[in-house]
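Coordinate inspection notes
Chain residues, written in single-letter form:
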Amino acid sequence: MFDRRLLTHFDWSLVLLVLMIAGLGILNLVSVTSSWVSPAAPFSLKQLSWLGGGMVIVTIICAIDYRRLEHLAFFLYIANLVLLLLVLLVGRTSMGATRWLDLKFFNLQPSELMKIVIIIALAFFFSRRDQLLGYSFRELWAPFILLFLPALLIMKQPDLGTAMIVLMIGASMALFAGIRPATLAGLGLLASGAATGGWFLLHDYQKQRILTFLNPESDPLGSGYHIIQSKIAVGSGGFWGKGFMKGTQSQLSFLPERHTDFAFSVFAEEWGFVGCLILLALFLLLVICGLNISRHASTRFGMFLAFGVSAMLFFHIVINLGMVIGLLPVVGVPLPLFSYGGTSMITTMTGIGLLLNISMRRFKF
Amino acid sequence: MNHDFQTDWPSPYTRKRFALASVAAALIFVLLLLRLWQLQIISDDHYRILSEKNRTRYIPITAQRGRIFDRDGNLLADNRPAFDVAVLRQEVDNPEVLLERLSCLLSVDREELLKRWNTGKRLPQYRPIPLAWDVDRDMLEKILENGVDLPGVLMETRPVRSFPLGPLAPHLLGYLGEITDKDLSLPEFKGYRPGDVVGKAGLERKMEPVLCGVDGERRVEVDVKGKTMRILKTQDPQPGNTLTLTLQASLQQVAENAFNGQAGAAVVLDVHTGEILAITSQPTFDPAQFARGLTTKEWRELQTNPLKPLQNRAISGQYPPGSIFKIVTALAALKAGVATPNTSVFCEGSVTLGNHTFRCWKRGGHGTTNLHKALKESCDVWFYKVALDVGIDRIAAMARELGLGSALGLPMEMEKEGLIPDRAWKKKRYGTSWYRGETLNAAIGQGYILTTPLQLATMTAAIANGGTVFRPHIIKRIEYTLNETVENTEPEILHRASLPAPYLAAVRKGLEAVVNEPGGTAWASRLEQLPFAGKTGTAQVVKLRDQIKDEKLIPYRFRDHALFAAYAPAQNPEIAVAVVVEHGSHGSSAAAPIAKAIIAHYFGLDKPPVAPQPVAPQPVAPQPVAPQPVTPQPVAPQPVAPQPVAPQPVAPQPVAPQPVTSE
């Protein structure tokens, strides 16, 4: 049953990239938490165990031919949608947002799951037909609904960051599938109209974040604090950085969320431009690697699937970094593989597993 | 899904899209990189400074204030360490419990402590919240013993003023207090910050730049909660410069004691230099109270006391000089040639001018009177008669020549000018011409004339030294700590009054007779061993009602002021003394004995010297110490000065009330 060829086609370089990035993340975590009053298990060890768990997930996913997902796509999508609805009905509320389902032994976050499921669903949709002229309006309503139903549910939680990621994954996949120029222009107009309208649908704290992003100094102790402190941390790192465990911004706790969403600022402060250059290169390689797997996939479904995963990684990276260095508003998006957190690790590793899966089955025979 | 995988998969169309996607991803990464370049390399310095500012705090270390000595090297104003109890709020998990414990140890109300805690919370996070100021030794030890149960509690030392000789010359030395908003706006207080302690009165205020020293500071690294992580650098404070005064502590003590509770002022000058040997204003106050921090009650008492203990009467009290002014009238008459020492007048007890009668103090009259007798017995009629011929303008000119009618430029707040009226002044002030009757009043030092005790002493010194008016000064020497230079004050001659020697000699003979001849008004206060010269004065108060602001018409208020001006010895004088006893009734009985006591002490004629002994040896406070955590560590607290003057049962107010010196 097991095809030995699968092993020979295994993409070890991708695994190496993942381990390098995660390794840097754990090293960074050691520095961030060095001065903390230690909990039962140190954060770095916990993260290491998440990484281990992630590798297990990767292995399991690789064992199953991804092409089977094609048949499960519809079911997965519906199931996830139900979970999202359940979140709104009986979800656990924490810090003003209802994002979790309490499953006794762990808290499930269906919106995270949706990032993967929407990729599978859209890959299924777009793979069925190779529209050489590009999709037109009339052909796009189905993926449009596929995309916006979960996005709206997630936005309702509220979780703007995840909703945006879902929308961006969908949009990039549609673009990749091809859209007629006239349709594209129409959609562009529609999107800008929706953005203007959407402003009024945003929660106050979300509006505040965007306003603060535009002028962080207007509220230096409130919502502008994150951006200002993060920029100080990154900027004061300079070319060579302040040195491992020597970043004053993080060691003296001026940086908020420095082990999760703002982990990169700590890294930038301690390792400087040189460190950032290396980390960014690794991330770019990761994305390119994903695109490459997509390009060489043996099926259209695999191609779209791999592209979707690459897009997911890419948007996570860009939105997180953009936020940390003050190019984008503060939205709670973690840096894949680098930020502390089990949920993000599992989602990312599921994606990586899919990529490896597609890669090792790139030859049909 | 039938594709020819070898040739057509993926389609060139799709390949193009892959290329596009890759390039787009790479471009966006380049954009991120450019932003990082901008932050980390172009604005590198900007953010580095911001991160420094983030983590460093400057904690000022108060400098030791300059010490003040008397002319013989007796320490008048020193520094002692005051121990404050403060709490670092980040280390307190349960303020309720902590305040409860401290309330017991400090014997301060829990509510009061809570109030101070809440007030203190307005301070920046990294500054400890002060809860008790200047705690005494016992409490200090109790708190040190209980250190383990008092997390976050610190002892902070700061220097405060101490007065080794007790409350000596408090008006002169002045006191300190928290800077007011008004002072902050003055150019002389440029660079001061709210909360700074500055001189509020006396020399402490006027010599603030000399005494204040340079505060040091400690640069500490703090975390986001403001908890101090470590000390980065300490800049030691620079102590203030040392002042040596012309004052003589023992003489000052004698002068202060001589008043025996009466209100008034005395000034003693060296007639050859203008040095102030003693200067007192009564009643007085205890400057140690200010150093400790006044309670509201104490402050209100000082403010509402009708005798105004905070006013420095020696320089800001303005009194009609009374008969002392006859010296001026006599000299003016002699100089103008309208009288000679032999000019004789018959005193019947009064003279009449128009329809107004001017009385001599002696109703029965002095009979035939010449200058000598007129001064000696203080006959008013002689001066009434002479004054009409001299005229007010020449009297006023002589008064000014002798230093009256203008401020003498002491480095103190609120020095008053006094008032020497003449025709021009009256025209300007009231728009009316001068009446001849007013000249008569002026001739005996009544009417509009006002002088300060300092001016009277200065004038007397000029009479004693042959006519030289020195600018009275109090600062003998300033020793600058920084460059170890010394600045001595040289005697400054304001001007020389032209007093022909024979006339001056005649007046001085008269003044000598006042004390040393039977029948002289100060005969009772003579010193057998050391003849001195002087002139009594009694200033009517009732006529001056419009000069008195406080209109409480209690009998005490109606009594005349008693004055006496003297120089000693009568031949080759060395010192000049002016004494005013408010509502003392008679210069001869109330003021002259005080001058006598001063003179006797100066020349060593009093009984065993009453040189004041230091109340308690005061070690100079060492460098202010870093706040020490209250843990039973071997590091002992600063050597505590044996408890200063009095134990302090009262908790001081966090903010010293703002004293006002003027009336």
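Just so it is clear, the model here is predicted, and its values are computed rather than measured. (Residues numbered from 1 in each chain as written. Chains lettered and ligands numbered in written order. Predicted model: local features only at pLDDT ≥ 70, side-chain atom pairs only at ≥ 80, totals over all residues. Heavy atoms only, no water.)

Right, let's talk about the interface of chain A and chain B for a bit. Frequently, the measure chosen for interface size is the accessible area removed from exposure when the parts meet. On the chain B side, the residues contacting the 54 residues of chain A number 36 residues. Here chain A and chain B share an interface that buries about 4000 Å² over both sides, 73% of which is from carbon and sulfur atoms. A per-residue breakdown of the area chain A buries against chain B is headed by Leu252, Phe273 and Arg295 of chain A, which together make up 16% of the total. At the junction of chain A with chain B, the criterion picks out zero salt bridges. When contributions to the side of chain A that touches chain B are tallied by element, the ones reaching two or more residues are α7 (160–177), α10 (224–237), α11 (248–251), α12 (263–295) and α13 (300–324) of chain A. (Contact = heavy atoms within 4.5 Å. Buried area = accessible area lost by both parts, 1.4 Å probe. Salt bridge = Lys/Arg side-chain N within 4 Å of Asp/Glu carboxyl O. Helix = DSSP H or I, 4+ residues; strand = E, 2+ residues; numbered from the N terminus.)

Now for the pairing of strand β14 (residues 350–353) of chain B. All names here are of chain B. The alternating pattern of β14 places Val351 and Leu353 on a buried face and Ser350 and Thr352 on a face that is not buried. Bridge analysis of β14 against strand β15 (residues 356–359) gives four bridges, and the strand direction is antiparallel. Bridge pairing in β15 places Thr352 opposite Thr357. Between the end of β14 and the start of β15, which pair antiparallel, lie two residues, with Gly354 showing a positive phi angle near 60 degrees. (Buried < 20%, exposed > 50% of the residue type's maximum accessible area, 1.4 Å probe, protein only. Pairing = 2+ DSSP bridges.)

For the rest of this paragraph, the subject is the packing of aromatic side chains. Inspection of the entire model under this criterion finds 32 aromatic pairs over all chains. Centre to centre, the rings of Phe176 of chain A and Phe304 of chain A are 5.5 Å apart; their planes meet at 75 degrees, and the pair counts as edge-to-face. Of the two residues, Phe176 of chain A sits in helix α7 while Phe304 of chain A sits in helix α13, which places them 128 residues apart along the sequence. Judged on exposure class, the residue Phe176 of chain A and its partner Phe304 of chain A are both buried. On the numbers, 5.8 Å between centres and 35 degrees between planes, the contact of Tyr430 of chain B with Tyr448 of chain B is tilted. On the criterion of sequence distance, the pair formed by Tyr430 of chain B in helix α18 (residues 423–430) and Tyr448 of chain B in the loop between α19 (436–443) and α20 (453–465) is long-range, its members being 18 residues apart. (Phe/Tyr/Trp six-rings, centres within 6.5 Å; stacked < 30°, edge-to-face > 60°.)

This paragraph deals with a nonpolar patch on the surface. Residues and elements named next belong to chain A. Together, Phe137, Trp141, Phe144, Ile145, Phe148, Leu149, Leu152 and Leu190 make up a nonpolar patch on the protein surface, roughly 810 Å² of accessible area in all. Of the residues forming the nonpolar patch, the biggest block, seven residues, is contributed by helix α6 (residues 137–155). When you line up the elements, Leu152 lands in helix α6. Judged by relative accessible area, Leu152 falls into the exposed class, the value being 53%. (Patch = residues over 30% accessible without salt bridge, like charges linked within 9 Å, V, L, I, M, F, W, Y side chains within 5 Å. Areas by Shrake-Rupley, 256 points an atom, 1.4 Å probe, with all protein chains shown as cover.)

This next bit is on the sheet that holds strand β3 (residues 107–108) of chain A. All names here are of chain A. What the three strands build is an open sheet, ordered β1-β2-β3; its pairing is antiparallel. What marks the edges here is a single partner per strand, and that holds for β1 (92–94) and β3. Strand direction decides the pairing type here: β1 and strand β2 (residues 97–102), joined by three bridges, are antiparallel. Among the inter-strand pairings, Thr93 is bridged to a residue of β2, identified as Thr98. On top of the sheet, helix α4 (residues 69–90) reaches β1, β2 and β3; it is set at about 110 degrees to β2, its chief contact. (Axes fitted to C-alpha atoms, helices over the stretch in contact; angles between N-to-C directions.)

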